[in-house]
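Structure assessment
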Amino acid sequence: MSTWIGIDTGGTLTKLAYLDENKELKLTVFPSTDMHLVKEWLEQHPHVDEIGLTGGRTEQLRDVLYPMKSIEYIVEFEATLKGVRYLLEQEGQSIHQSIITNIGTGTSVHYMDGNSHVRVGGTGIGGGTLIGLSTIMTGITDFGEIKNRASDGNRAGIDLLVKDIYQGMDMPISGDLTASNFGKVGITDEHNYETSDILATVQGLVGEVITTLSIQLAEHHQAEHIVYIGSTLTDNEQLKKVIEHYTILKKHKPVFLQDYGYCGAVGALLNVMEYSKR
Ligand SMILES: Nc1ncnc2c1ncn2[C@@H]1O[C@H](COP(=O)(O)OP(=O)(O)OP(=O)(O)O)[C@@H](O)[C@H]1O
Ligand SMILES: [Mg+2]
């Protein structure tokens, strides 16, 4: 009897998904810069003997693990969508047609229709951008601190809204929409900004770019739902609110899976289980 694990090794994080003694799904994560931690984890769990592997750092992890265990590889997008379908079903969500937006280090957008799916777009704006811009602008490098400080921030002094421009006039679109992310800075003389406000505004920029792209692709494919996944959403209430608010404003339905960071790892786990039962 085999024991399996699914591993998704991405640009920033390496996610592990496995079943415990009670066949319950367990999830854990390591930084992709410390791949030896994955090897150590596997050495501490010697009963795990078959690995389902996916993600852009697969070959780098293979080198670290060599010559350990048998490895079943699955392409990242296949694994992600396999995981999304499984987790939607587990959570009792009957969504069969949807846009799937994976906010990882970068962002990848997919269209799912029943059992088929296709990558329909993407952007370099993602979780890596959130950390990168935040670090350069404020010196804060830790993801936890960035999102905590951002949640206390206020974007009103930095972002330019439609109603800031259209003063005393009828507005062609909702006045609360962002006309220009960071747009107030260039037309203001005083430049004293609180760290928390800068971080909140970076989250707004990242969230709105990703949502705009997702909405346009949802409209093109006539999909009502947009399922947002990826570890950038981890305990990140402000980012989720930005995405949720904008998606609803544009008349689409945002969906946040409970285990949004682990779709790829879960898909890789399911794949190796299916493979070994064949
Ligand atoms: N513990 C953490 N350390 C660093 N970043 C984190 C952490 N938790 C969440 N994040 C956020 O999640 C992002 C990575 O998300 P995710 O793990 O989905 O991407 P990835 O799979 O590594 O990258 P990609 O799929 O683009 O190759 C980071 O850029 C950061 O914004
Ligand atoms: Mg990823």
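Residues numbered from 1 in each chain as written. Chains lettered and ligands numbered in written order. Predicted model: local features only at pLDDT ≥ 70, side-chain atom pairs only at ≥ 80, totals over all residues. Heavy atoms only, no water.

1. Brief notes about the pattern of salt bridges
- Per the stated rule, a full pass over the model turns up eleven salt bridges.
- Between Arg-149 and Glu-145 there is a salt bridge, with the nearest N and O atoms lying 3.4 Å from each other. Of the two residues, Arg-149 and Glu-145 both sit in helix H5 (residues 143-151), four residues apart, roughly one turn of that helix.
- With a relative accessible area of 35%, Glu-145 lands in the partly exposed category. (Salt bridge = Lys/Arg side-chain N within 4 Å of Asp/Glu carboxyl O. Helix = DSSP H or I, 4+ residues; strand = E, 2+ residues; numbered from the N terminus. Buried < 20%, exposed > 50% of the residue type's maximum accessible area, 1.4 Å probe, protein only.)

2. Focus on the domain arrangement of the protein
- Under the domain assignment, the protein is made up of domain 1 (4-78 + 262-277) and domain 2 (127-154 + 194-256).
- Computed from C-alpha atoms alone, the centre-to-centre distance between domain 1 and domain 2 is 27 Å. (Domains from an automatic or database assignment.)

3. A word on the site of ligand 1
- Lining the immediate surroundings of ligand 1 are 17 residues, of which Gly-11, Thr-12, Leu-13, Lys-15 and Thr-105 lie closest.
- Here Gly-106 contributes a backbone N or O atom positioned 3.3 Å from an oxygen atom of ligand 1.
- Residue Thr-232 places a main-chain N or O atom 3.3 Å away from an oxygen atom belonging to ligand 1.
- Coverage of ligand 1 by the protein chains reaches 80% of its 650 Å² of free accessible surface.
- Elements that contribute at least two residues to the shell around ligand 1 include exactly strand S2 (13-19) and helix H4 (127-138). (Near = heavy atom within 4 Å. Polar contact = N/O pair within 3.5 Å; in protein donor to acceptor, adjacent residues only side chain to side chain. Areas by Shrake-Rupley, 256 points an atom, 1.4 Å probe, with all protein chains shown as cover.)

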